[in-house]
Amino acid sequence: LETVPGGWAWRSLSINPHVTIEYIESHPDIHWNWWLLTSNPDITMEYIQNHPLGGWCMSRLPQNPNITTDYVEAHPEKNWDWFGLSWNKNVTTDFVEKYPEKPWNYSGLSENPSITIEYIKSHPKETWNIYKNPNLTMEYINEQSVEKWAWNDLSKNPSVTGKNMENVEKYP
C-alpha cells in the first residue's frame, strides 16, 4: 500500500525526519519503506541490528547521522558505500587520511564541517565543491582569483553572512 483512506503517502512519510522509532514500532501494520527509513536520523544502529530483515539500504545507511566512523571500522564486513559516507558529518579528516584508497566523494566531503579550508588547501588535486564548505571564509575568498569562483554557488554558502561581506561589492 502506498496510501490509505486518509491520503497518507507512506513512502513519503518514511523519509520524514520526524517519524520516530516509537511511531514505527507502534504501527507495524504500516507498509514502511525500509529503504527510505535507513537514513532517518531517529534510526539508530542498534535498531537496525535488531531488525536485520528490515530491508535496509546500504547505500543510504552511511548518510544516517547515527553512523559513526567507529561503527564503520568495527564492521568491515559490511559493504560500505564510501561515496555515500562522504556526506556523513561524523567523518573526520583523520578518518579520510586513514583510508585514502577508498572512493571518497570530495564534493560530499566539502559539505562536512570537519573539513577545514586548510585541509582543502593541502589537497589541491581533489575535486572539491568548496562552495558548500561551512568553514569557507571571506578571507579565503579574497585570497583567490576572482575567475575561480562560481558566484551563484558561493552566494548560497551559509558562512557568507552580512557580518563578513564587507568587501563583497568589489567582485563582479
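What counts, and at which threshold
- Residues numbered from 1 in each chain as written.
- Predicted model: local features only at pLDDT ≥ 70, side-chain atom pairs only at ≥ 80, totals over all residues.
- Heavy atoms only, no water.
- Helix = DSSP H or I, 4+ residues; strand = E, 2+ residues; numbered from the N terminus.
- Buried < 20%, exposed > 50% of the residue type's maximum accessible area, 1.4 Å probe, protein only.
- Contact = heavy atoms within 4.5 Å.
- Areas by Shrake-Rupley, 256 points an atom, 1.4 Å probe, with all protein chains shown as cover.
- Core = buried A, V, L, I, M, F, W, Y, C linked by side-chain atoms within 4.5 Å.
- pLDDT = per-residue confidence, 0-100.
- Salt bridge = Lys/Arg side-chain N within 4 Å of Asp/Glu carboxyl O.
- Phe/Tyr/Trp six-rings, centres within 6.5 Å; stacked < 30°, edge-to-face > 60°.
- Lys NZ or Arg CZ within 6 Å of the ring centre and 35° of its normal.

> Even after reading the chapter, I still don't get the overall build of the chain, so can you show me in this structure?
Regarding its fold elements, the chain presents 11 helices and 0 strands. Going residue by residue from the N terminus, the α and β elements of the chain occur as α-α-α-α-α-α-α-α-α-α-α. A total of 172 residues make up the chain; the buried ones form 39% of that total. At a minimum sequence separation of 6, the contacts of the chain that also span at least 24 residues come to 21%. Taken as a whole, the chain presents about 10,100 Å² of accessible surface, with 54% of it coming from carbon and sulfur.

> Is there a simple way to think about the nonpolar core in this case?
Side chains that are nonpolar tend, in soluble globular proteins, to be buried together. Grouped together as the largest cluster of nonpolar side chains are 40 residues, with contacts concentrated most on Trp82, Phe95, Trp104, Leu109, Leu136 and Trp149. Other than its neighbours up to four places away in sequence, Leu109 contacts Ser86, Val91, Val96, Trp104, Ile115 and Trp128.

> Explain the confidence of the model for the chain to me, please; I cannot follow it from the model alone.
Reading predicted coordinates in detail is not appropriate for stretches of low pLDDT. With 87% of its residues at a pLDDT of 70 or more, the chain has an overall mean of 83. Averaged pLDDT values over the elements of the chain bottom out at 78 in helix α1 (residues 10–14) and peak at 96 in helix α7 (residues 93–98).

> Sorry if this is basic, but what is going on with the side chain of Thr69 here?
For Thr69, the position within the fold is in helix α5 (residues 69–74). Not counting the four nearest positions on each side in its chain, Thr69 is found in contact with Asn90, Val91 and Phe95.

> Would you explain the pattern of salt bridges in this entry?
It is possible for side chains bearing opposite charge to pair when their charged atoms get close. Counted under the stated rule, the structure contains 3 salt bridges. One salt bridge in this structure joins Lys98 and Glu73, with 2.7 Å as the shortest N-O distance. Here Lys98 is found in helix α7, whereas its partner Glu73 is found in helix α5, with 25 residues between them in sequence. When its relative accessible area of 29% is taken as the criterion, Glu73 is described as partly exposed. Lys121 is the partner of Glu143 in a salt bridge, and the nearest nitrogen-oxygen pair spans 3.6 Å. With Glu143 in helix α10 (residues 138–143) and Lys121 in helix α9 (residues 117–121), the pair connects residues that are 22 residues apart, well separated along the chain. Judged by its relative accessible area of 45%, Glu143 falls in the partly exposed class. Relative accessible area serves as the criterion here: at 43%, Lys121 is assigned to the partly exposed category.

> I tried to follow the environment of Asn40 on my own but got confused; where do I start?
Mapped onto the elements of the fold, Asn40 is located in the loop between α3 (34–37) and α4 (45–50). A relative accessible area of 3% means that Asn40 is categorised as buried. It is 8.3 Å that separates the C-alpha atoms of Asn40 and Pro65, two residues lying 25 residues apart in sequence.

> Sorry if this is basic, but what is going on with the packing of aromatic side chains here?
Tallied over the full model, the rule gives 12 aromatic pairs. Relative to Trp32, the ring of Tyr23 lies with its centre 6.0 Å away and its plane at 85 degrees, an arrangement referred to as edge-to-face. Judged by relative accessible area, which is 32%, Tyr23 ranks as partly exposed. On the basis of relative accessible area, Trp32 is assigned to the buried category, the value being 7%. Above the face of the Trp35 ring, Arg60 is positioned so that its terminal group lies 4.9 Å from the ring centre.

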